[in-house]
Amino acid sequence: MRKIALVNQKGGCGKTTTAINLASFLASEDKKVLLIDLDPQGHVKVGLSAKVDHTEKTIYEALLGEIPISEAIQTIDDNLDVVLSDVVLSAFEQVMAGGHEREYKLAQSLADIENNYDYLIIDSPPSVGLLTFNGLVAAEEVIIPVDPSFFSLHGLEKLLETIQIIKERVYHQLYIKILPTNIDRRTNFCKGVVESLRDRFSENCFETIINTSTKLREAASLGKAITDYEKNCAGYRDYQNLAIEILIEETEMKDRGFTIGSLLEAEGLLKSLVEREIVFRLEAPESAMVKIAGDFNKWVPESLDFTESQGRPLWHKTISLRQGSYEYKYMVDDLWTPDPLNDKTVEDSYGGVNSIISI
Ligand SMILES: Nc1ncnc2c1ncn2[C@@H]1O[C@H](COP(=O)(O)OP(=O)(O)OP(=O)(O)O)[C@@H](O)[C@H]1O
Ligand SMILES: [Mg+2]
(Lines give C-alpha, C1' and ligand atoms only; values in the text may rest on other atoms or scores of the structure.)
(Ligands and ions follow the chains in the order given, each with its own letter.)
Protein backbone atom coordinates (compact mmCIF):
# COMPACT_ATOMS: atom_id res chain seq x y z
CA MET A 1 0.00 0.00 0.00
CA ARG A 2 1.30 3.47 -0.89
CA LYS A 3 0.68 5.78 2.04
CA ILE A 4 0.42 9.46 1.18
CA ALA A 5 -0.16 12.30 3.65
CA LEU A 6 -1.31 15.76 2.59
CA VAL A 7 0.52 18.18 4.86
CA ASN A 8 1.00 21.91 5.19
CA GLN A 9 0.53 23.90 8.37
CA LYS A 10 -0.77 26.80 6.33
CA GLY A 11 -4.57 26.79 6.18
CA GLY A 12 -6.57 26.83 2.95
CA CYS A 13 -3.81 25.75 0.56
CA GLY A 14 -5.78 22.82 -0.89
CA LYS A 15 -4.96 19.82 1.34
CA THR A 16 -8.55 18.60 1.66
CA THR A 17 -9.45 19.41 -1.95
CA THR A 18 -6.43 17.41 -3.09
CA ALA A 19 -7.08 14.54 -0.66
CA ILE A 20 -10.69 14.13 -1.81
CA ASN A 21 -10.12 14.52 -5.54
CA LEU A 22 -6.90 12.50 -5.70
CA ALA A 23 -8.56 9.68 -3.73
CA SER A 24 -11.55 9.82 -6.03
CA PHE A 25 -9.49 9.70 -9.25
CA LEU A 26 -7.27 6.88 -7.98
CA ALA A 27 -10.42 4.93 -7.11
CA SER A 28 -11.82 5.53 -10.60
CA GLU A 29 -8.52 4.16 -11.99
CA ASP A 30 -9.37 0.87 -10.27
CA LYS A 31 -7.17 1.35 -7.22
CA LYS A 32 -8.56 0.42 -3.83
CA VAL A 33 -8.30 3.62 -1.80
CA LEU A 34 -8.77 4.52 1.87
CA LEU A 35 -9.09 8.23 2.68
CA ILE A 36 -8.57 9.19 6.33
CA ASP A 37 -9.36 12.60 7.78
CA LEU A 38 -7.01 13.61 10.61
CA ASP A 39 -8.35 17.15 10.80
CA PRO A 40 -10.81 18.02 13.61
CA GLN A 41 -12.41 20.50 11.19
CA GLY A 42 -13.91 17.40 9.55
CA HIS A 43 -13.72 18.88 6.06
CA VAL A 44 -13.63 15.50 4.30
CA LYS A 45 -17.09 14.88 5.71
CA VAL A 46 -18.23 18.27 4.39
CA GLY A 47 -16.50 17.84 1.02
CA LEU A 48 -18.11 14.43 0.51
CA SER A 49 -21.34 15.10 2.37
CA ALA A 50 -23.43 13.91 -0.57
CA LYS A 51 -22.15 10.36 -0.02
CA VAL A 52 -21.00 9.81 3.54
CA ASP A 53 -22.94 8.63 6.55
CA HIS A 54 -22.62 11.33 9.22
CA THR A 55 -23.52 9.04 12.10
CA GLU A 56 -20.65 6.59 11.65
CA LYS A 57 -17.76 6.20 14.11
CA THR A 58 -14.75 8.45 13.54
CA ILE A 59 -10.97 8.25 13.51
CA TYR A 60 -10.93 9.54 17.10
CA GLU A 61 -12.20 6.29 18.60
CA ALA A 62 -9.75 4.31 16.44
CA LEU A 63 -6.77 6.45 17.50
CA LEU A 64 -7.68 5.99 21.14
CA GLY A 65 -7.86 2.23 20.57
CA GLU A 66 -11.54 2.09 21.58
CA ILE A 67 -12.43 0.39 18.30
CA PRO A 68 -10.46 -1.25 15.48
CA ILE A 69 -10.16 1.19 12.59
CA SER A 70 -12.22 -1.19 10.43
CA GLU A 71 -15.28 -0.21 12.50
CA ALA A 72 -14.86 3.44 11.46
CA ILE A 73 -14.46 2.69 7.75
CA GLN A 74 -17.37 3.47 5.45
CA THR A 75 -17.53 2.57 1.77
CA ILE A 76 -18.74 5.42 -0.40
CA ASP A 77 -17.86 4.11 -3.87
CA ASP A 78 -16.75 0.89 -5.56
CA ASN A 79 -13.10 1.42 -4.66
CA LEU A 80 -13.28 4.27 -2.19
CA ASP A 81 -13.53 3.95 1.60
CA VAL A 82 -13.28 6.80 4.09
CA VAL A 83 -12.69 7.31 7.79
CA LEU A 84 -14.12 10.62 8.91
CA SER A 85 -13.34 12.96 11.77
CA ASP A 86 -15.17 15.63 13.68
CA VAL A 87 -14.51 18.30 16.27
CA VAL A 88 -14.10 15.73 19.06
CA LEU A 89 -10.74 14.87 17.50
CA SER A 90 -9.39 18.19 18.78
CA ALA A 91 -9.30 16.58 22.25
CA PHE A 92 -6.79 13.99 21.04
CA GLU A 93 -3.69 16.06 21.76
CA GLN A 94 -4.81 16.79 25.31
CA VAL A 95 -6.03 13.26 26.06
CA MET A 96 -2.71 11.88 24.84
CA ALA A 97 -0.52 14.48 26.62
CA GLY A 98 2.58 12.73 27.94
CA GLY A 99 1.16 9.39 26.72
CA HIS A 100 3.38 6.61 25.58
CA GLU A 101 3.74 6.03 21.79
CA ARG A 102 1.31 8.83 21.11
CA GLU A 103 2.78 9.62 17.68
CA TYR A 104 2.32 6.01 16.55
CA LYS A 105 -1.44 5.65 17.15
CA LEU A 106 -2.47 5.92 13.48
CA ALA A 107 0.34 3.64 12.29
CA GLN A 108 -0.61 1.06 14.89
CA SER A 109 -4.31 1.19 14.08
CA LEU A 110 -3.55 0.60 10.37
CA ALA A 111 -1.70 -2.67 10.97
CA ASP A 112 -4.91 -4.75 10.61
CA ILE A 113 -6.02 -3.30 7.27
CA GLU A 114 -2.62 -2.72 5.66
CA ASN A 115 -3.24 -5.30 2.93
CA ASN A 116 -6.77 -4.24 2.04
CA TYR A 117 -5.83 -1.15 0.00
CA ASP A 118 -3.55 0.06 -2.80
CA TYR A 119 -3.53 3.66 -1.58
CA LEU A 120 -3.95 5.38 1.76
CA ILE A 121 -4.56 9.14 1.55
CA ILE A 122 -4.36 11.11 4.79
CA ASP A 123 -5.74 14.64 5.14
CA SER A 124 -4.11 16.70 7.93
CA PRO A 125 -5.02 19.79 9.93
CA PRO A 126 -3.33 23.14 9.32
CA SER A 127 -0.85 22.73 12.17
CA VAL A 128 2.17 20.62 12.97
CA GLY A 129 0.82 19.08 16.15
CA LEU A 130 0.33 15.53 17.32
CA LEU A 131 -2.28 14.70 14.67
CA THR A 132 -0.06 15.74 11.76
CA PHE A 133 2.77 13.85 13.44
CA ASN A 134 0.59 10.71 13.48
CA GLY A 135 -0.06 11.17 9.76
CA LEU A 136 3.63 11.58 8.97
CA VAL A 137 4.65 8.58 11.05
CA ALA A 138 2.04 6.42 9.27
CA ALA A 139 2.90 7.73 5.78
CA GLU A 140 5.79 7.01 3.45
CA GLU A 141 5.07 9.85 1.05
CA VAL A 142 4.08 13.45 1.66
CA ILE A 143 2.37 15.81 -0.74
CA ILE A 144 2.71 19.46 0.25
CA PRO A 145 0.15 21.60 -1.56
CA VAL A 146 1.48 25.15 -1.94
CA ASP A 147 -0.77 27.97 -3.00
CA PRO A 148 0.75 31.16 -4.36
CA SER A 149 1.34 33.50 -1.45
CA PHE A 150 4.31 34.78 0.45
CA PHE A 151 3.03 33.04 3.57
CA SER A 152 2.92 29.65 1.84
CA LEU A 153 6.52 29.87 0.74
CA HIS A 154 7.53 30.98 4.20
CA GLY A 155 5.55 28.10 5.77
CA LEU A 156 7.17 25.67 3.38
CA GLU A 157 10.67 26.29 4.74
CA LYS A 158 9.35 25.75 8.26
CA LEU A 159 7.56 22.59 7.20
CA LEU A 160 10.71 21.16 5.64
CA GLU A 161 12.51 21.80 8.93
CA THR A 162 9.72 19.93 10.74
CA ILE A 163 9.89 17.01 8.32
CA GLN A 164 13.65 16.84 8.88
CA ILE A 165 13.09 16.62 12.64
CA ILE A 166 10.43 13.94 12.15
CA LYS A 167 12.72 11.93 9.86
CA GLU A 168 15.32 11.92 12.61
CA ARG A 169 12.77 11.03 15.26
CA VAL A 170 10.77 8.31 13.55
CA TYR A 171 13.67 6.53 11.82
CA HIS A 172 11.98 6.38 8.47
CA GLN A 173 12.26 8.12 5.14
CA LEU A 174 9.55 10.37 3.79
CA TYR A 175 9.39 10.90 0.05
CA ILE A 176 8.27 14.51 -0.35
CA LYS A 177 6.63 16.21 -3.32
CA ILE A 178 5.42 19.76 -3.73
CA LEU A 179 2.12 20.43 -5.53
CA PRO A 180 1.42 23.99 -6.73
CA THR A 181 -2.28 24.66 -6.11
CA ASN A 182 -4.80 27.39 -6.78
CA ILE A 183 -2.65 28.80 -9.61
CA ASP A 184 -4.00 31.56 -11.77
CA ARG A 185 -1.78 31.33 -14.85
CA ARG A 186 -2.81 34.80 -16.01
CA THR A 187 -0.84 36.48 -13.22
CA ASN A 188 2.93 36.95 -13.29
CA PHE A 189 3.00 36.44 -9.53
CA CYS A 190 1.61 32.89 -9.86
CA LYS A 191 3.98 32.09 -12.73
CA GLY A 192 6.86 33.33 -10.54
CA VAL A 193 5.78 31.13 -7.62
CA VAL A 194 5.61 28.02 -9.83
CA GLU A 195 9.03 28.81 -11.31
CA SER A 196 10.63 29.31 -7.92
CA LEU A 197 9.07 26.09 -6.60
CA ARG A 198 10.46 24.18 -9.61
CA ASP A 199 13.90 25.79 -9.19
CA ARG A 200 13.99 25.07 -5.51
CA PHE A 201 12.60 21.53 -5.56
CA SER A 202 13.21 20.32 -9.17
CA GLU A 203 12.12 16.65 -9.35
CA ASN A 204 10.47 16.91 -5.95
CA CYS A 205 7.86 19.16 -7.54
CA PHE A 206 4.95 17.61 -9.49
CA GLU A 207 4.71 18.36 -13.21
CA THR A 208 1.00 18.84 -12.61
CA ILE A 209 -0.24 22.23 -11.50
CA ILE A 210 -3.66 22.64 -9.91
CA ASN A 211 -5.21 25.73 -11.45
CA THR A 212 -7.81 27.89 -9.78
CA SER A 213 -11.15 26.37 -10.69
CA THR A 214 -14.56 27.62 -9.66
CA LYS A 215 -15.98 24.15 -10.38
CA LEU A 216 -13.77 22.64 -7.67
CA ARG A 217 -15.20 25.09 -5.17
CA GLU A 218 -18.77 24.42 -6.36
CA ALA A 219 -18.27 20.65 -6.17
CA ALA A 220 -16.97 20.96 -2.58
CA SER A 221 -19.93 23.11 -1.56
CA LEU A 222 -22.27 20.42 -2.89
CA GLY A 223 -20.38 17.72 -1.00
CA LYS A 224 -19.02 16.02 -4.12
CA ALA A 225 -15.67 15.12 -5.63
CA ILE A 226 -15.10 16.74 -9.02
CA THR A 227 -15.43 13.26 -10.62
CA ASP A 228 -19.11 13.32 -9.61
CA TYR A 229 -19.75 16.89 -10.62
CA GLU A 230 -18.19 18.32 -13.80
CA LYS A 231 -15.84 16.67 -16.27
CA ASN A 232 -15.37 19.62 -18.51
CA CYS A 233 -13.30 21.91 -16.33
CA ALA A 234 -9.69 22.64 -15.34
CA GLY A 235 -10.19 21.17 -11.85
CA TYR A 236 -11.20 17.79 -13.32
CA ARG A 237 -8.28 17.71 -15.80
CA ASP A 238 -5.73 18.83 -13.21
CA TYR A 239 -6.62 16.25 -10.57
CA GLN A 240 -6.85 13.57 -13.25
CA ASN A 241 -3.32 14.54 -14.33
CA LEU A 242 -2.12 14.39 -10.74
CA ALA A 243 -3.54 10.89 -10.30
CA ILE A 244 -1.94 9.80 -13.59
CA GLU A 245 1.42 11.28 -12.53
CA ILE A 246 1.24 9.33 -9.29
CA LEU A 247 0.24 6.13 -11.09
CA ILE A 248 3.06 6.57 -13.62
CA GLU A 249 5.51 6.90 -10.73
CA GLU A 250 4.24 3.55 -9.53
CA THR A 251 4.59 1.93 -12.98
CA GLU A 252 8.08 3.38 -13.52
CA MET A 253 9.15 2.00 -10.20
CA LYS A 254 7.72 -1.42 -11.04
CA ASP A 255 9.36 -1.39 -14.51
CA ARG A 256 12.69 -0.72 -12.88
CA GLY A 257 11.96 -3.35 -10.27
CA PHE A 258 11.35 -0.69 -7.68
CA THR A 259 8.50 -0.17 -5.32
CA ILE A 260 8.26 2.90 -3.14
CA GLY A 261 9.39 0.65 -0.33
CA SER A 262 12.55 -0.44 -2.12
CA LEU A 263 13.25 3.12 -3.26
CA LEU A 264 13.10 4.15 0.35
CA GLU A 265 15.35 1.24 1.19
CA ALA A 266 17.81 2.40 -1.48
CA GLU A 267 17.72 5.85 0.06
CA GLY A 268 18.49 4.20 3.35
CA LEU A 269 21.44 2.23 1.93
CA LEU A 270 23.94 4.49 3.58
CA LYS A 271 22.05 4.22 6.80
CA SER A 272 22.28 0.44 6.63
CA LEU A 273 26.08 0.63 6.51
CA VAL A 274 26.06 1.87 10.06
CA GLU A 275 23.35 -0.54 11.23
CA ARG A 276 24.07 -3.47 13.49
CA GLU A 277 22.14 -6.68 13.76
CA ILE A 278 20.97 -7.17 17.32
CA VAL A 279 19.61 -10.54 18.44
CA PHE A 280 16.91 -10.27 21.09
CA ARG A 281 16.56 -13.47 23.13
CA LEU A 282 14.15 -14.59 25.78
CA GLU A 283 13.63 -17.85 27.64
CA ALA A 284 9.93 -18.29 28.26
CA PRO A 285 9.31 -22.06 28.16
CA GLU A 286 5.65 -22.02 29.23
CA SER A 287 4.57 -19.35 26.74
CA ALA A 288 2.59 -19.82 23.57
CA MET A 289 3.56 -16.48 22.02
CA VAL A 290 6.32 -13.91 22.56
CA LYS A 291 6.43 -10.55 20.79
CA ILE A 292 8.71 -7.54 20.93
CA ALA A 293 7.78 -3.87 20.54
CA GLY A 294 9.86 -0.75 20.83
CA ASP A 295 10.91 2.56 19.33
CA PHE A 296 12.46 0.65 16.41
CA ASN A 297 9.16 -0.88 15.21
CA LYS A 298 6.85 1.99 16.22
CA TRP A 299 5.68 -0.12 19.16
CA VAL A 300 3.80 -2.48 16.88
CA PRO A 301 4.45 -5.90 18.49
CA GLU A 302 6.34 -8.36 16.23
CA SER A 303 6.52 -12.10 16.91
CA LEU A 304 9.75 -13.75 17.98
CA ASP A 305 10.76 -17.11 16.48
CA PHE A 306 10.88 -20.18 18.65
CA THR A 307 13.72 -22.72 18.66
CA GLU A 308 15.19 -25.30 21.00
CA SER A 309 18.82 -24.44 21.70
CA GLN A 310 20.85 -27.15 23.45
CA GLY A 311 17.65 -28.56 24.86
CA ARG A 312 16.49 -25.12 26.10
CA PRO A 313 13.44 -23.42 24.62
CA LEU A 314 14.44 -20.02 23.24
CA TRP A 315 12.52 -17.17 21.67
CA HIS A 316 14.58 -14.90 19.43
CA LYS A 317 14.47 -12.17 16.80
CA THR A 318 17.21 -10.35 14.89
CA ILE A 319 16.59 -6.63 14.35
CA SER A 320 18.87 -4.19 12.48
CA LEU A 321 19.44 -1.05 14.48
CA ARG A 322 21.51 1.97 13.75
CA GLN A 323 23.29 4.13 16.31
CA GLY A 324 20.99 5.39 19.02
CA SER A 325 19.12 4.48 22.13
CA TYR A 326 15.93 2.42 21.96
CA GLU A 327 13.25 1.54 24.50
CA TYR A 328 11.54 -1.84 24.15
CA LYS A 329 9.54 -4.49 25.93
CA TYR A 330 8.46 -8.08 25.39
CA MET A 331 4.87 -9.20 25.27
CA VAL A 332 4.78 -12.71 26.73
CA ASP A 333 1.39 -14.12 25.87
CA ASP A 334 -0.63 -11.03 26.77
CA LEU A 335 1.65 -9.68 29.48
CA TRP A 336 4.12 -6.82 28.92
CA THR A 337 7.48 -7.44 30.52
CA PRO A 338 10.90 -5.77 30.37
CA ASP A 339 13.89 -7.83 29.18
CA PRO A 340 15.05 -9.98 32.14
CA LEU A 341 18.53 -10.22 30.56
CA ASN A 342 18.96 -6.44 30.41
CA ASP A 343 19.24 -4.46 33.64
CA LYS A 344 19.10 -1.08 31.91
CA THR A 345 15.56 0.28 32.21
CA VAL A 346 13.62 3.55 32.13
CA GLU A 347 10.22 4.29 33.59
CA ASP A 348 7.33 4.14 31.15
CA SER A 349 4.22 6.30 31.48
CA TYR A 350 2.16 3.52 33.05
CA GLY A 351 4.11 3.05 36.27
CA GLY A 352 6.20 0.19 34.84
CA VAL A 353 9.57 0.11 33.11
CA ASN A 354 10.89 -0.33 29.58
CA SER A 355 14.21 -1.94 28.80
CA ILE A 356 16.68 0.30 27.05
CA ILE A 357 19.37 -0.66 24.58
CA SER A 358 22.09 1.67 23.27
CA ILE A 359 23.96 0.96 20.03
N1 LIG B 1 -7.78 24.80 -7.22
C2 LIG B 1 -8.74 25.45 -6.55
N3 LIG B 1 -9.53 26.35 -7.19
C4 LIG B 1 -10.49 27.02 -6.53
N5 LIG B 1 -10.77 26.87 -5.24
C6 LIG B 1 -10.01 25.99 -4.55
C7 LIG B 1 -8.98 25.25 -5.16
N8 LIG B 1 -8.41 24.45 -4.22
C9 LIG B 1 -9.06 24.70 -3.08
N10 LIG B 1 -10.04 25.62 -3.28
C11 LIG B 1 -10.95 26.17 -2.27
O12 LIG B 1 -10.16 26.82 -1.29
C13 LIG B 1 -10.69 26.57 0.00
C14 LIG B 1 -9.60 25.88 0.85
O15 LIG B 1 -9.28 24.65 0.27
P16 LIG B 1 -9.04 23.34 1.17
O17 LIG B 1 -10.12 23.20 2.18
O18 LIG B 1 -8.79 22.21 0.27
O19 LIG B 1 -7.70 23.78 1.89
P20 LIG B 1 -7.02 23.07 3.17
O21 LIG B 1 -5.55 23.22 3.00
O22 LIG B 1 -7.54 21.72 3.36
O23 LIG B 1 -7.54 24.01 4.34
P24 LIG B 1 -7.37 23.71 5.91
O25 LIG B 1 -5.95 24.01 6.21
O26 LIG B 1 -8.31 24.67 6.58
O27 LIG B 1 -7.72 22.28 6.14
C28 LIG B 1 -11.91 25.71 -0.19
O29 LIG B 1 -13.03 26.54 -0.21
C30 LIG B 1 -11.71 25.08 -1.56
O31 LIG B 1 -12.95 24.79 -2.21
MG1 LIG C 1 -8.42 20.84 5.06
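A brief structural summary.

Criteria and cut-off values
Residues numbered from 1 in each chain as written. Chains lettered and ligands numbered in written order. Predicted model: local features only at pLDDT ≥ 70, side-chain atom pairs only at ≥ 80, totals over all residues. Heavy atoms only, no water. Near = heavy atom within 4 Å. Polar contact = N/O pair within 3.5 Å; in protein donor to acceptor, adjacent residues only side chain to side chain. Areas by Shrake-Rupley, 256 points an atom, 1.4 Å probe, with all protein chains shown as cover. Helix = DSSP H or I, 4+ residues; strand = E, 2+ residues; numbered from the N terminus. Nonpolar A, V, L, I, M, F, W, Y, C, P; charged D, E, K, R; others polar. Buried < 20%, exposed > 50% of the residue type's maximum accessible area, 1.4 Å probe, protein only. Contact = heavy atoms within 4.5 Å. Pairing = 2+ DSSP bridges. Axes fitted to C-alpha atoms, helices over the stretch in contact; angles between N-to-C directions. Phe/Tyr/Trp six-rings, centres within 6.5 Å; stacked < 30°, edge-to-face > 60°. Lys NZ or Arg CZ within 6 Å of the ring centre and 35° of its normal.

A separate point is the site of ligand 1. Around ligand 1, 18 residues are found, and the nearest of them are G12, K15, T16, T17 and S213. Within the backbone of G12, an N or O atom sits 2.9 Å from an oxygen atom of ligand 1. Between K15 and ligand 1, the recorded distance is 2.8 Å, taken from a side-chain N or O atom to an oxygen atom. Here ligand 1 loses 84% of its free accessible area of 630 Å² to cover by the protein chains. Among the elements of the structure, α1 (15-28) and α9 (214-221) are those that each provide at least two residues to the shell around ligand 1. A total of three residues in the shell around ligand 1 trace back to one element, the largest contributor, which is α1. Tallied by class, the residues present in the shell around ligand 1 amount to four nonpolar, 10 polar and four charged.

Glancing now at the side chain of H100. Looking at the secondary structure, you find H100 in the loop between α4 (92-95) and α5 (105-110). When its relative accessible area of 13% is taken as the criterion, H100 is described as buried.

Attention now moves to the environment of K167. Checked against the element boundaries, K167 lands in helix α7 (residues 150-170). Note: C-alpha distance between K167 and Y350 (183 residues apart in sequence) is 27 Å. What K167 contacts, discounting residues up to four positions off in sequence, is H172, L174 and I176.

With that out of the way, let us pick up the pairing of strand β5 (residues 119-123). In terms of burial, β5 is largely enclosed, as five of its five residues are buried. Burial along β5 is two-sided: the face carrying Y119, I121 and D123 and the face carrying L120 and I122 are both buried. Where strand β1 (residues 2-6) lies against β5, five bridges are found, and the strand directions are parallel. Among the inter-strand pairings, I4 is bridged to a residue of β5, identified as I121. Summarising the sheet, strand β2 (residues 33-37) and β5 pair through five bridges and their orientation is parallel. Each bridged residue has a counterpart across the sheet, and for V33 the counterpart in β5 is Y119.

This brings us to the sheet that holds β5. Read across the sheet, seven strands follow the order β3-β4-β2-β5-β1-β6-β7 without closing on themselves; strand pairing throughout is mixed. Across the chains shown, the open sheet's two edge strands, defined by having one partner strand only, are β3 (74-75) and β7 (175-180). Where α1 meets the sheet, its contacts fall on β1, β2, β4 (80-83), β5, β6 (141-146) and β7, and the angle it forms with β5 comes to roughly 165 degrees.

The geometry of an aromatic ring pair comes down to the distance between the two centres and the angle between the two planes. Applying the stated criterion across every chain yields a total of seven aromatic pairs. When the centroid spacing of 5.0 Å and the interplanar angle of 70 degrees are considered together, the rings of F280 and Y328 count as edge-to-face. Here F280 is found in strand β8 (residues 276-282), whereas its partner Y328 is found in strand β13 (residues 325-332), with 48 residues between them in sequence. Since its relative accessible area comes to 1%, Y328 is described here as buried. Through a chain of ring-to-ring contacts, the aromatic side chains of F280, F296, Y326, Y328 and Y330 assemble into a single cluster. Seen from the ring of F206, K177 lies directly overhead, with NZ or CZ sitting 4.7 Å from the centre.

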